[in-house]
Amino acid sequence: MVDGAGRSVSIPFRFSLQAVQAASRREWVELVKRVDDAGFDMLVTADHLGGSLAPLVPLAIAAEVCSRLRLGVMVLNNDFHHPSLLAREAAMLDLLSDGRLELGLGAGHALPEYERAGISFDPAPVRVDRLEEAVVVLRQLLDGESVTFSGTHYRLRNERCDPRPIQAHVPLLVGGGGQRVLGIAARHADAVGFTGLGRTLADGQHHDPSGFRVERVDQDVAHVGLAAGVRLGSLELQVLVQAVVVTDDAIGTAEIIARTQLPSLSAEDVLATPYLLVGSKDALVERLLAHRERWGFSHYTFRPDALGQIEPVIAALPACR
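From a predicted model like this one, the values you see are computed outputs, not experimental measurements.

Draft legend 1. Region of interest: the packing of aromatic side chains. Tallied over the full model, the rule gives 10 aromatic pairs. Ring geometry for Phe212 and Tyr275: centres 5.1 Å apart, planes at 35°, overall tilted. Remark: Tyr275 occurs in the loop between helix H9 (267-272) and strand S12 (276-279) and Phe212 occurs in the loop between strand S9 (191-194) and helix H7 (214-228); sequence separation between them is 63 residues. Sitting over the face of the ring of Phe13, Arg292 holds its NZ or CZ atom 4.2 Å from the ring centroid.

Put into structure tokens, the structure is as follows:
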């Protein structure tokens, strides 16, 4: 059986937890151990200024604490990292983790973060163009090539990544909202990160959730299929889940979420979208299977508050993974 993008639905599930805060080394170590024990496949950080851990250093600690979890960032803000310097840091982290790194990259969106750091906040088309150049450069550097590159935003001459990563091919994810970013992922990356988030709202942090509706998900997945072409069969499709609520009153809970947090969506939208998981354990298992069949989504990343709720759902899926 294949999904709507022509991909086999036998792709195994993967689950990652995005951890962004810890008040001490001990708290971080305990969180890493909990994620490992809970059956997640991967631990990821984020890349925001204020209220979040720096993205890469905590992963080095995590590599010492656990030997099983894959490690990554969902996602680095490209404008905060020059690709040449990022490749060096990524290669070192891959070496120190015995080849468990997966690198995620996005175009950046939060104006307040740029302002506080004194970094120019260019229009979205410029940031996305810069992202594409960075992805091309990163891929070549992490693959061990000597890179000479002359683009609009980056120029390198005979640059190499030394030492090289342990992995012959470090998996690279490109994620974000908008079809241009999804197209970059489809053409250049190993994984496509779907968020369902549209334009950044006036507060500079939050997004329009119009991409949560299933018809938009259909469109986004179809766009990736067209952009990827023959690459589609090798791409992993990843989803950032904004909230998980395990409940026997799915309709009532969805109505509350729609009314108080997402007024542009209906309760039906809340229950149908892959970016929110609301329902009983059994219902969520069925929904994950249905989403994989319809869209090919196989990697789900959860926010920290999903801990304590999503584990039984993951445990109910071993035969399907």
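Draft legend 2. Layout of the environment of Thr45. Within the element layout of this structure, Thr45 appears in strand S2 (residues 42-45). Classification of Thr45 as buried rests on a relative accessible area of 1%. Sequence-distant contacts of Thr45, defined by excluding residues within four places in its chain, comprise Gln18, Ala19, Trp28, Pro55, Pro58, Leu59, Gly72, Val73 and Met74. At 2.7 Å, the side chain of Thr45 forms a polar contact with the backbone oxygen of Pro55.

Draft legend 3. Fine view of the nonpolar core. By size, the foremost hydrophobic cluster in this structure holds 91 residues, and its most contacted members are Phe40 and Phe302. It is helix H5 (residues 124-142) that contributes the most residues to this core, eight residues altogether. Those residues in contact with Phe40, other than ones at most four positions away along the chain, are Phe15, Ser16, Leu17, Val35, Arg68, Leu69, Phe302, Leu307, Ile310 and Ile314. Listed in part, the five residues of the second largest apolar core include Met42, Val44, Met74 and Ala191.

Draft legend 4. The arrangement of a negative patch on the surface in detail. Together, Asp248, Asp249, Glu255 and Glu268 make up a region of like negative charge exposed at the surface. On the accessibility criterion, Glu255 (40% relative accessible area) is partly exposed.

Draft legend 5. Broad picture of helix H1 (residues 25-37). A rise of 1.5 Å per residue sets the reference length of H1, with its 13 residues, at 18 Å; its end C-alpha atoms lie 18 Å apart and thus fit the reference within 8%. Those residues of H1 that are buried lie in contact with strand S1 (14-18), S2 and helix H2 (57-65).

Draft legend 6. Geometry of unusual backbone geometry. With omega at -10°, the peptide bond leading from Met74 into Val75 counts as cis. That bond from Asp162 to Pro163 is cis: its omega, 5°, falls within 30 degrees of zero. With respect to the helices and strands, the residue Pro163 is situated in the loop between strand S7 (155-159) and strand S8 (172-176). In this structure, Asn158 is a non-glycine residue whose phi angle is positive, near 50°. If you trace the backbone, Asn158 turns up in strand S7. For Asn158, a relative accessible area of 55% corresponds to the exposed category.

Draft legend 7. Fine view of the pattern of salt bridges. Scanning all chains against the criterion turns up 14 salt bridges. Between Asp36 and Arg68 there is a salt bridge whose closest N-O contact spans 2.8 Å. You can see Asp36 sitting in helix H1 and its partner Arg68 sitting in the loop between H2 and strand S3 (70-73), a full 32 residues away along the chain. Among the ionic contacts, a cluster of salt bridges with common partners joins Arg14, Arg70, Glu102 and Glu236.

Thresholds, definitions, all that
- Residues numbered from 1 in each chain as written.
- Predicted model: local features only at pLDDT ≥ 70, side-chain atom pairs only at ≥ 80, totals over all residues.
- Heavy atoms only, no water.
- Phe/Tyr/Trp six-rings, centres within 6.5 Å; stacked < 30°, edge-to-face > 60°.
- Helix = DSSP H or I, 4+ residues; strand = E, 2+ residues; numbered from the N terminus.
- Lys NZ or Arg CZ within 6 Å of the ring centre and 35° of its normal.
- Buried < 20%, exposed > 50% of the residue type's maximum accessible area, 1.4 Å probe, protein only.
- Contact = heavy atoms within 4.5 Å.
- Polar contact = N/O pair within 3.5 Å; in protein donor to acceptor, adjacent residues only side chain to side chain.
- Core = buried A, V, L, I, M, F, W, Y, C linked by side-chain atoms within 4.5 Å.
- Patch = residues over 30% accessible without salt bridge, like charges linked within 9 Å, V, L, I, M, F, W, Y side chains within 5 Å.
- Areas by Shrake-Rupley, 256 points an atom, 1.4 Å probe, with all protein chains shown as cover.
- Salt bridge = Lys/Arg side-chain N within 4 Å of Asp/Glu carboxyl O.
- Lys, Arg positive; Asp, Glu negative; His and termini not counted.
- Charge placed at Lys NZ, Arg CZ, Asp CG, Glu CD.
- Expected span 1.5 Å × (residues − 1).

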